[in-house]
Amino acid sequence: MLSRSGIGQKYVYLAAALLVAALAPQLARATLGEPETTIAADAAELKASVKSTEQTNYRVHEIQLPSGTVLREFATVGGIVFAVAWSGPAMPNLQQTLGSYFDVYVTAAKAPHAGHRHLQVQQDNFVMQSSGRMRAFTGRAYLPQAVPAGVSLDELH
Amino acid sequence: MDKFKRALGGGLAMLLSLATVSCGGGGDTVAPSSSGVTTVAAASNVVAVTVDAGPDSASAPTINTLYTTVTVCVPGSTTECQAIDHIQVDTGSYGLRILAPVLTLSLPVTVASDGNSLVECTQFVDGYSWGPIASADVQIAGESASSVPVQVIGSSKFATVPTACSSTGPAEDTVAQFGANGILGIGVFEQDCGAGCVNSAAPGYYYSCSQTTCSPIAASLASQVLNPVPLFATDNNGTILVLPSVAANGAASVSGSLIFGIDTESNNNSGTQTILTVAPGSSQTVLPGNFTTVYGGQSLSDSFIDSGTNGLFFNDSSIPACTSSNFTGFYCPASTLSRSATLTGVNNVSTTVDFSIANAQTLATNNPTYTAFSTLGGTYSSSTTTFDWGLPFYFGRRVATAIENHSTSVGTGPYVAF
């Protein structure tokens, strides 16, 4: 459920992301919290194929990576990637996929945690759930404050 | 207390997550050792396995981590050999990996298809390990395999890590981080990557490295890091882990057996075990190696049994999580809880498993030198579909792991049976 402040936050993200895109287009990637417009270009660079589908209040771009892993990027109707999810034999490039949130993940991964086959990062503005083992990885990351109203977290996989 | 936190602070690693504190000399207590349910007689296809505090027990003690000793030799040599202790026994990975600092031999590095050196980026959920592929003769008990591709992690020869590898997380390339001198991956598959790495040069797996640069390269099945078991001359269709049961409050250490082969000798008969087949290596719907666990009314379709996990990890919001930051991610119920789950293989065969979850903080505090706990559990990342049956599952059981496309008297892998 999105609060009023959450909606406000979404537009702040949007404005900030567009500004970044305008000022430094080379930095704009198909990355969490950033515009979806570069997904096609990124996919070409990754030699990956993309299949896009429209849902009621978001779009899903399904990217088949060369490793065999499927990466799904969820974008708002305003064009901002608010969630990413992956499943397959290899981890995706998390630095590109998570963007500015990559450092949060690295900090969590370096900290003591229970077990080695799963990792959870739970913050107000960033959630990541990653699990699996050799040849079988699955996970997702999303921005709770940017998830469109009416979208269930169960849809983000 | 400082010591307590330090022990945890070093615990980035694979399995060290719950602190155990060495008593710092003196103060040894008389601890019950685990009781044996099944004793396996010495044989050429049996190697001893142990649960103890690990290779760095003073500064980075481990919990519920199963070890054995593996001998590696320079290919073709009978004199240039090294027995390496505290190699972790892991049914959740494939192939032998050795930490470079413990390796005293000079093993030949594998040549990639373009003539450069073959180097791998091994991915984990919480980081990566980078190092060259080398060739070694591998001996475990009376079993041996020649010229096995193994990974040497953290080798100083290839110190520059490509961005596509380092972008998967923090590096895990020290004995302290691993909680082991190496890993023996003996899960249900033969290769650590499989067909995906043959067909394309996928970033984040195999690399061709010259003196100066590395770039992704395809790797044939034979050149990938290989589970050594299928390479043995005999007893090569799988393994059986036999571990004694462990008391509810834990054990100082555990001694068990790893048997090679299933239905190949008089000591490794399948008998009437329940066989759960798991998803094949090519599976896309259910991830490879996984099966379904029904727990608390939820069907968890990406579940697995894994000796390389140090607890039972699953989600149950009715079990209180530990509140101490030293035990984040583990369960801390007021009293030990009894639970039950139904495991269903890809073959639709089902069986029920009973287990107990105790208070992790109480377990560690009451017996700080114990290294084996049958009742240790924790949360899995929420909204996932996994029940991770870690090492506690193996205590008191005889668990067979049959390798993909290899047959036993009762079926064809990939399957697990117990």
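Think of each chain on its own: its residues are numbered from 1, step by step along the sequence as written. Written order determines the labels here, with chains lettered from A and ligands numbered from 1. Local features in a predicted model are, by the rule used here, given only for residues with pLDDT of at least 70; side-chain atom pairs are given and counted only at 80 or more, and totals for whole chains, interfaces and linings are based on all residues.

## Topic: the overall build of chain A
Only DSSP runs of H or I covering at least 4 residues are called helices, and only runs of E covering at least 2 are called strands; the numbering of each starts at the N terminus. Each helix and strand in chain A was counted, giving four helices and seven strands. The N-to-C order of helical and strand elements in chain A reads α-α-β-β-β-β-α-α-β-β-β. Partly exposed residues are those whose C-beta has more than 12 but fewer than 20 other C-beta atoms within 10 Å; with 20 or more the residue is buried, with 12 or fewer it is exposed, and the C-beta atoms are placed from the backbone. The buried share of chain A, reckoned over its 157 residues, is 52%. If you take every contact in chain A between residues at least 6 apart in sequence, the share linking residues at least 24 apart comes to 38%. Throughout, a pair of residues is in contact if the C-beta atoms placed from their backbones lie within 7 Å.

## Some points on the overall build of chain B
Scanning chain B from terminus to terminus reveals six helices and 22 strands. Relative to its length of 418 residues, chain B is compact, with a C-alpha radius of gyration of 21 Å against a globular reference of 22 Å. With respect to the principal axes defined by its C-alpha atoms, chain B has extents near 60 × 50 × 45 Å. Residues classed as buried in chain B amount to 57% of the 418 residues present. Our radius of gyration looks at C-alpha atoms and nothing else; its globule reference is 2.2 Å times the residue count to the power 0.38.

## Section: the interface of chain B and chain A
Each partner contributes to the interface: chain B provides 51 residues, whereas chain A provides 34 residues. Every element with two or more residues in the side of chain B that touches chain A is listed here: α1 (2–9) and β5 (117–124) of chain B. Each residue is assigned to one of three groups, with Ala, Val, Leu, Ile, Met, Phe, Trp, Tyr, Cys and Pro labelled nonpolar, Asp, Glu, Lys and Arg labelled charged, and all others, Gly among them, labelled polar. Of the residues assigned to the side of chain B that touches chain A, the class counts are 18 nonpolar, 28 polar and five charged.

## So, the confidence of the model for chain A
Reading fine detail from the predicted coordinates is not recommended where pLDDT is low. Residues and elements named next belong to chain A. The pLDDT score gives, residue by residue, the confidence of the prediction method on a 0 to 100 scale. Across chain A, pLDDT averages 79, with 78% of residues at or above 70. When the elements of chain A are averaged for pLDDT, helix α1 (residues 4–23) gives the smallest value, 39, and strand β4 (residues 81–88) the largest, 94. Within the model, the stretch residues 1–28 combines pLDDT values under 50 with 25 contacts to residues more than four positions away or in other chains.

## Concerning the sheet that holds strand β19 (residues 377–378) of chain B
Residue and element names in this part refer to chain B. Pairing between two strands requires that DSSP report at least two bridges joining them. Reading across from one edge, β18-β17-β14-β15-β20-β16-β19 is the order of the seven strands in this open sheet, with mixed pairing throughout. Looking at which strands have only one partner, the edges of the open sheet turn out to be β18 (350–357) and β19. Taken together, the three bridges between strand β14 (residues 291–295) and strand β17 (residues 337–344) define a ladder with antiparallel strand orientation. When the bridges of β17 are listed, V294 appears paired with T342.

## Focus: the domain arrangement of chain B
Residue and element names in this part refer to chain B. Segmentation into domains, and thus their bounds, comes from an automatic or database assignment. Each assigned domain of chain B is listed here: domain 1 (2–20 + 35–231) and domain 2 (269–417). The C-alpha-based centres of domain 1 and domain 2 are spaced at 23 Å. Contact residues are listed per partner, giving 34 residues for domain 1 and 37 residues for domain 2. Counting only elements with at least two residues in the side of domain 1 that touches domain 2, the list comes to α1 and β3 (81–90). When the residues that make up the side of domain 1 that touches domain 2 are grouped by side-chain class, the tally is 17 nonpolar, 13 polar and four charged.

## Considerations on the nonpolar core
Remark: nonpolar core denotes a set of buried Ala, Val, Leu, Ile, Met, Phe, Trp, Tyr and Cys residues whose joining runs through C-beta atoms within 7 Å. A:F82, A:A83, A:Y105, A:A141 and B:A360 are the most contacted members of the largest nonpolar core, which has 153 residues in total. Of all the elements, strand β6 (residues 127–140) of chain B adds the most residues to this core, at seven residues. Looking at this core, you find at least three residues from each of domain 1 (2–20 + 35–231) and domain 2 (269–417) of chain B. If we skip the residues at most four places from it in the chain, A:F82 touches A:F74, A:A75, A:T76, A:Y142, A:L143, A:A146 and A:V147.

## A word on unusual backbone geometry
Residue B:P414 is bonded to the preceding B:G413 through a cis peptide linkage, with omega at 10°. Structurally, B:P414 is set in the loop between β21 (398–402) and β22 (415–417). Phi is positive for A:R135, close to 75°, though the residue is something other than glycine. In this fold, A:R135 is placed in the loop between β6 (127–133) and β7 (136–142). Positive phi, normally seen in glycine, also occurs at B:H86, with a value near 55°. Within the secondary structure layout, B:H86 lies in strand β3. Its 25 C-beta neighbours within 10 Å are what place B:H86 among the buried residues.

## Examining helix α4 (residues 102–110) of chain A
Buried within α4(A) we find A:F102, A:Y105, A:V106 and A:A109. Seen along its axis, α4(A) keeps its buried residues to an arc of 100°; they face one direction. Residues of α4(A) that are exposed and point over 90 degrees away from its buried face: A:D103 and A:T107. In this structure, the buried side of α4(A) is in contact with α3 (94–98), β5 (118–122) and β6 of chain A together with β6 of chain B. In this description, one arc is meant: the one made by directions from the helix axis to the C-beta atoms.

## Focus on the sheet that holds strand β1 (residues 49–54) of chain A
Residues and elements named next belong to chain A. Across the sheet, which stays open at both edges, the seven strands sit in the order β1-β2-β3-β4-β7-β6-β5 with antiparallel pairing between neighbours. Edge positions in the open sheet fall to β1 and β5, since each of these has one partner strand only. Pairs of neighbouring strands in the sheet enclose a mean axial angle of 10°, with direction left out of account. Alignment of strand β2 (residues 58–64) against strand β3 (residues 70–76), held across seven bridges, turns out to be antiparallel. Bridge pairing links R59 to A75 in β3. Axis geometry follows a simple rule: fit a line to the C-alpha atoms, using only the stretch in contact for helices, then measure angles between N-to-C directions, giving values from 0 to 180 degrees. Those strands touched by α4 are β5 and β6, and its axis lies near 125° from that of β5.

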